[in-house]
Amino acid sequence: MLRVTKHIAQRDATKRVTYLCHKIVVSSNSNYSTLNHRFGGGSYHRQQQHGSNGQGSGGQHFRSDFLAPHGPKAWTIPPNRGYGMVVVRILRGALKLRYLLLGGAIGGGMTLNKKYEDWKDGLPDLKWLEEALPQGEKWSQFSKTLMEIGGAVKDVIEIDPRLKQLGEDKVNEWRQWFDNRLDDAIEAADYQGVAIVESKDDIKSKTTVAALSLSQDESRKKYDNLQSQVETLQTEIMNVQIKYQKELEKMEKENRELRQQFLILKQNKKTSTKKIKKSLIDMYSEVLDELSGYDTSYSMADHLPRVVVVGDQSSGKTSVLESIAKARIFPRGSGEMMTRAPVKVTLAEGPYHVAQFRDSDREYDLTKESDLSELRREVEFRMRASVRGGKTVSNEVISMTVKGPGLQRMVLVDLPGIISTMTVDMASDTKDSIHQMTKHYMSNPNAIILCIQDGSVDAERSNVTDLVMQCDPLGRRTIFVLTKVDLAEELADPDRIRKILSGKLFPMKALGYYAVVTGRGRKDDSIDAIRQYEEDFFKNSKLFHRRRGVIMPHQVTSRNLSLAVSDRFWKMVRETIEQQADAFKATRFNLETEWKNNFPRLRESGRDELFDKAKGEILDEVVTLSQISAKKWEEALNDSLWDKLSNYVFENIYLPAAQSGSQNSFNTMVDIKLRQWAEQALPAKSVEAGWETLQKEFIALMEKAKKSPDHDNIFDNLKAAVVDESIRRHTWEDKAIDMLRVIQLNTLEDRFVHDKSEWDQAVKFLETSVKAKLAQTEETLNEMFGPGQFTRLTHWKSLTEDQNKRRHVKTELDKILRNDDKHIPTLSYDELTTVRKNLQRENIEVDTDYIRQTWFPVYRRHFLKQALHRASDCRKAYYLYSQQGAECDINCNDVVLFWRIQQVIRVTANALRQQVINREARRLDKEIKEVLDEFSEDEEKKSHLLTGKRVTLAEELIKVRQIQEKLEEFINSLNQEK
């Protein structure tokens, strides 16, 4: 019974082994046909092909290999042991498999694995092939099946007791050896399967067969062949990558039209109540823009990630950025400094290849050369405009966005190139300013440093590497880029380039090392031509195709560089954005607390809001001008006109005519001079008087508003600046002068006073005007002759030598006027001689000019006193004047003159009042609005005019609040994308 049970167990085990062997064959595909051939008689297919002969020959072969030393008759297998022979044959196949499988896997497999790791590091990023390659399912099935075979063999195989004649120790040694080698084979097969799945199908089949078939001796002999195969595979992979890149660009180009139509249709949808969703990179760029405006003086360094492009001047850093952006967007120069300010470029994917500045709505089509030229000119203009005060570089950030198909999303900041020597046209602090700016951007612990090194110059001449090493000594956020490799190939030693790209030449450490070619030195080359030149160069370069290549495929081309930089950028963003948002949240809380403590009853209003409030108040005051009464306007205009005209009336009309000597000559001279005046100077002077009156009234309203209980003195500087600028710009309408000329000429034609009231007003006007002029003359005389005796005694003052002389001259001149009450305005030669001789008797020497200078104010006072006396006489002479007219016995011509002037002033004031109310106030309102609009766009002027702790604290709080809210919005969108 025990024997039958054992027999049944052996039969079942045999079936299991046979089924598992069949499963191995079935699970293998055509790529592993060579592996099936290697298994020989141990495979199910070979047994089926040879039938019983195969079994017999296989058994004979087993006996000759294993039992022949003991003779062919040493073993006699009885018929009832047939199932045992099956087990022996399976054991034979398994023992044969060990030579084939274990020898190749352990010997050649380990050697090949080491070399495979070497060239695998040089493979480009093949993640894009994951969809085209198998997922390792067949290898996993093979490994699992092989493990099941091992377990079945261990359970089934039992050595026949007759084998004990060969020695039980020997059999145990074989079984132990077999178990160890079988486990090693399974592990090696599993390892090789996982590694090879990462490559392509043809590479997988070649390397797998070689790993499983080579023995130790054969692997040594074929090492050189494998070396050449690895180099060939590198070339093939590079070609495949280039081919794939071209196909990808071709597909993007063909698909662009469909994407454009899709976006157009999407935008044309009714989204009036739905806000258009921004892309992640646009949202992040807006946060950085807010920060650049918040921290223009570098007082607070934010720690948000961005890619900082640094390098020596003319090292090619701008060309690298253009290659990543796929457009030549920056101005170029022959060795001169072109980048004078930080340029923040936000790259984003979009259907159209366009560029746009942050503060502009215009989009530049980067596929058109005309738009590219305009964009470059605009960038250059903004750079030069940002440099002020004799500086060479500026901290002001120029922000722009570039969108296009296939662009990697990231934010880059291009900085001015580091210089070692300054030229004569540079500011003295240019070198230090560039170093300070570069260190500031690189000191951000989350900034990715794109270190650009010119490959065509000696590495020892580089200034940027030492600066980068100071800011990032461990190289945890630095990516090194070697430019102009096409020139370096001709000039530099390949081993030296290999050391640079492996990080062994510079003490500086980096995350990765890349080699790019950004052009052939031609300004007119397009990006497509440059990229094609770059591909051709790396495809044919001796640096890559030497037997010991110095560059790995993933370290070359601008495309691989942009992919690596973008991946690192977003990884840094995801790792740090939460922490930065928390920092701004804490800053916001502190600022809100400070505001509540200092201004508990006020709402935080920034400069823009305060400016709008001040704008409204100013415009309200302009409207108030129209509410001034007509009477008040005319009174103010009358006063202003006479102040403007009085001096001309006295000096050029009244005094010359009054001193002419007769009434007829007085009237004739007055008519001539008045007409000339009305035709030439009077209208213009009247307009000036009107404008000054409008200005005074407006300023008076502004001053009155300051006394209001609701007045906020924070607006005073702004209001004063707006009013001054508006007044400076305002001019009266030209046609107003012509209109006034006609009115004034017609008014002056009337020479007769019509009634007593007008006569009295004219007399009063004459007296008032003469008294004002007399007061001015008295002041002149006091300055000329010094204070009187009483003033000298009470104020302890004394006369100067010149004042003493003047007093003596005045005494002699008073004698002349007393002798001739109606003396003419000038002194005769005899009178001058008499005065000099009289003064010489008193030992006072003066010349004739000195005497004339003293005579002029003395005679003026004498004449004005006589005019007042005549005005008093004419006050009651209107009846005689109305009866006799100009032939009146009492000389009242000066009263008539002042009546005519008074009438001109009256009609002029009325005309000016109408112009002010109907035209000029509106024009002033328009000009004030224009000034306010200009000021609203000038942030520097607003910062200068709206100052104080209240403004600065509110401005900082609003800015931090905006940044923190934008950060939270970005984080939410980022989490949704995950």
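For the protein chain, an unreviewed UniProt entry supplies the name Dynamin-like GTPase OPA1, mitochondrial and the organism Stomoxys calcitrans. Database annotation for the protein chain, UniProt heading Catalytic activity (unreviewed entry): "GTP + H2O = GDP + phosphate + H(+)".

Caption draft 1: Region of interest: the pairing of strand S7 (residues 448–454). Counting buried residues in S7 gives seven out of seven residues, a clear majority hidden from the surface. Of the two faces of S7, the one holding Ile 448, Leu 450, Ile 452 and Asp 454 and the one holding Ile 449, Cys 451 and Gln 453 are both buried throughout. Inspection of the sheet shows strand S1 (residues 307–311) paired to S7 by five bridges, in the parallel sense. In the strand pairing of S7, Val 309 is matched with Leu 450. Two strands pair when backbone bridges link them, and S7 and strand S8 (residues 478–483) are joined in this way by six bridges, in the parallel orientation. Each bridged residue has a counterpart across the sheet, and for Cys 451 the counterpart in S8 is Phe 480.

Caption draft 2: Fine view of the pattern of salt bridges. Following the criterion strictly, the structure yields 45 salt bridges and no others. In this structure, Lys 719 engages Glu 617 in a salt bridge whose closest nitrogen and oxygen atoms are separated by 2.5 Å. Linking Lys 719 in helix H24 (residues 716–729) with Glu 617 in helix H20 (residues 607–625), this pair joins segments that are 102 residues apart in sequence. Residue classification places Lys 719 among the buried residues on the basis of a relative accessible area of 9%. Connected through shared salt-bridge partners, Arg 588, Glu 592, Glu 604 and Arg 961 make up one network.

Caption draft 3: Examining the state of the cysteines more closely. This model, assessed by the stated rule, comprises one disulfide. Sulfur-sulfur distance for the disulfide between Cys 874 and Cys 892 comes to 2.0 Å. Given an S-S torsion of about -105°, the disulfide between Cys 874 and Cys 892 has left-handed geometry. Here Cys 874 is found in helix H30 (residues 848–874), whereas its partner Cys 892 is found in the loop between helix H31 (878–884) and helix H32 (893–937), with 18 residues between them in sequence. By the burial criterion, Cys 874 is buried, and Cys 892 matches it.

Caption draft 4: Local environment of the nonpolar core. If you look at the biggest cluster of nonpolar residues, it comprises 99 residues, and the most contacted ones within it are Tyr 654, Trp 759 and Ile 928. With residues near it in sequence (within four places) discarded, Ile 928 still touches Ile 618, Leu 619, Val 622, Phe 698, Val 722 and Ser 726. By size, the runner-up hydrophobic cluster in this structure holds 66 residues, among which are Val 345, Phe 569, Ile 971 and Leu 974.

Caption draft 5: A look at the packing of aromatic side chains. Counted under the stated rule, the structure contains 18 aromatic pairs. Through pairs of rings, three or more aromatic residues link up here, namely Trp 642, Phe 650, Tyr 654, Phe 765, Phe 863 and Phe 898. In this structure, Arg 382 packs its charged tip against the face of Phe 357, placed 4.1 Å from the ring centre. When the ring centre of Phe 785 is taken as reference, the NZ or CZ atom of Lys 810 above it lies at 6.0 Å.

Caption draft 6: Highlighting the packing of helix H23 (residues 681–706) against helix H25 (residues 734–748). Following both chains from N to C, one finds H23 and H25 inclined at 120°, their axes separated by 9 Å at the closest point. Considering their axes alone, H23 and H25 lie oblique with respect to each other. For the element pair H23 and H25, the recorded crossing hand is right-handed. Packed against H23, whose contacting residues are Leu 682, Pro 683, Ala 684, Ser 686 and Val 687, the element H25 presents Ile 737, Leu 740, Arg 741 and Gln 744 at the interface. Among the residues forming the contact of H23 with H25, the class breakdown is six nonpolar, two polar and one charged.

Caption draft 7: Spatial organisation of helix H22 (residues 663–679). The first and last C-alpha atoms of H22 sit 24 Å apart over 17 residues, in line with the 24 Å expected at 1.5 Å per residue. Those residues of H22 not exposed but buried are Phe 666, Val 670, Leu 674, Trp 677 and Ala 678. The buried side chains of H22 occupy one side of the element, clustering within an arc of 90° when seen end-on. Its buried side turned inward, H22 meets helix H21 (630–658), H23, H25 and H32.

Caption draft 8: Here's a closer look at the side chain of Arg 860. Checked against the element boundaries, Arg 860 lands in helix H30. The class for Arg 860 is buried, based on a relative accessible area of 8%. Here Glu 651 takes part through its side chain, which lies 2.9 Å from a polar atom of the side chain of Arg 860.

Caption draft 9: Here's a closer look at the side chain of Gln 555. Tracing the chain through its elements places Gln 555 in the loop between helix H18 (542–545) and helix H19 (558–598). The buried category is assigned to Gln 555, whose relative accessible area is 10%. A distance of 3.0 Å separates a polar atom in the side chain of Gln 555 from the backbone oxygen of Leu 501. Of the polar contacts made by the side chain of Gln 555, one reaches the backbone oxygen of Tyr 513; its length is 3.0 Å. In this structure, Gln 555 is in contact with Leu 501, Tyr 513, Tyr 514 and Ala 515, ignoring residues within four places of it in sequence.

Caption draft 10: Examining unusual backbone geometry more closely. Backbone geometry at Ser 314 places phi at a positive 65°, although glycine is not the residue there. The topology assignment puts Ser 314 in the loop between S1 and helix H11 (317–325).

Caption draft 11: Geometry of the sheet that holds S8. Strands sit in the order S4-S3-S5-S2-S6-S1-S7-S8-S9 across an open sheet of nine strands; the sheet is mixed. The two strands at the open ends of the sheet, each matched to only one other strand, are strand S4 (364–365) and strand S9 (512–515). In the sheet, strand S3 (residues 354–357) pairs with strand S5 (residues 398–404) via four bridges, with the strands oriented antiparallel. By the bridge assignment, Val 354 is partnered in S5 with Lys 403.

Caption draft 12: Spatial organisation of the pairing of S8. Among the six residues of S8, six are classified as buried, and the element is accordingly described as predominantly covered. Burial along S8 is two-sided: Thr 478, Phe 480 and Leu 482 facing one way and Ile 479, Val 481 and Thr 483 facing the other are all buried. As paired elements, S8 and S9 share four bridges and run parallel to each other. Bridge pairing in S9 links Ile 479 to Gly 512.

Caption draft 13: Spotlight on helix H12 (residues 369–386). Taking 1.5 Å of rise per residue, the 18 residues of H12 would be expected to cover 26 Å, and the 26 Å separating its terminal C-alpha atoms lies within 8% of that figure. Among the residues of H12, Asp 371, Leu 372, Leu 375, Arg 376, Val 379, Arg 382, Met 383 and Ser 386 are the ones counted as buried. Each buried residue of H12 sits inside an arc of 140° when the element is viewed along its axis, so together they form one side. Away from its buried face, by an angle of more than 90 degrees, H12 presents the exposed residues Arg 377 and Phe 381. Residues of H12 that are buried in the fold lie against strand S2 (343–349), S3, S4 and S5.

So, how was this worked out
- Residues numbered from 1 in each chain as written.
- Predicted model: local features only at pLDDT ≥ 70, side-chain atom pairs only at ≥ 80, totals over all residues.
- Heavy atoms only, no water.
- UniProt positions renumbered as here; feature names shortened; annotations may be inferred.
- Buried < 20%, exposed > 50% of the residue type's maximum accessible area, 1.4 Å probe, protein only.
- Helix = DSSP H or I, 4+ residues; strand = E, 2+ residues; numbered from the N terminus.
- Pairing = 2+ DSSP bridges.
- Salt bridge = Lys/Arg side-chain N within 4 Å of Asp/Glu carboxyl O.
- Disulfide = S-S within 2.5 Å.
- Core = buried A, V, L, I, M, F, W, Y, C linked by side-chain atoms within 4.5 Å.
- Contact = heavy atoms within 4.5 Å.
- Phe/Tyr/Trp six-rings, centres within 6.5 Å; stacked < 30°, edge-to-face > 60°.
- Lys NZ or Arg CZ within 6 Å of the ring centre and 35° of its normal.
- Axes fitted to C-alpha atoms, helices over the stretch in contact; angles between N-to-C directions.
- Parallel < 35°, antiparallel > 145°, perpendicular 65-115°, else oblique.
- Left-handed = near helix turned anticlockwise from the far one by under 90°.
- Nonpolar A, V, L, I, M, F, W, Y, C, P; charged D, E, K, R; others polar.
- Expected span 1.5 Å × (residues − 1).
- Arc of directions from axis to C-beta.
- Polar contact = N/O pair within 3.5 Å; in protein donor to acceptor, adjacent residues only side chain to side chain.

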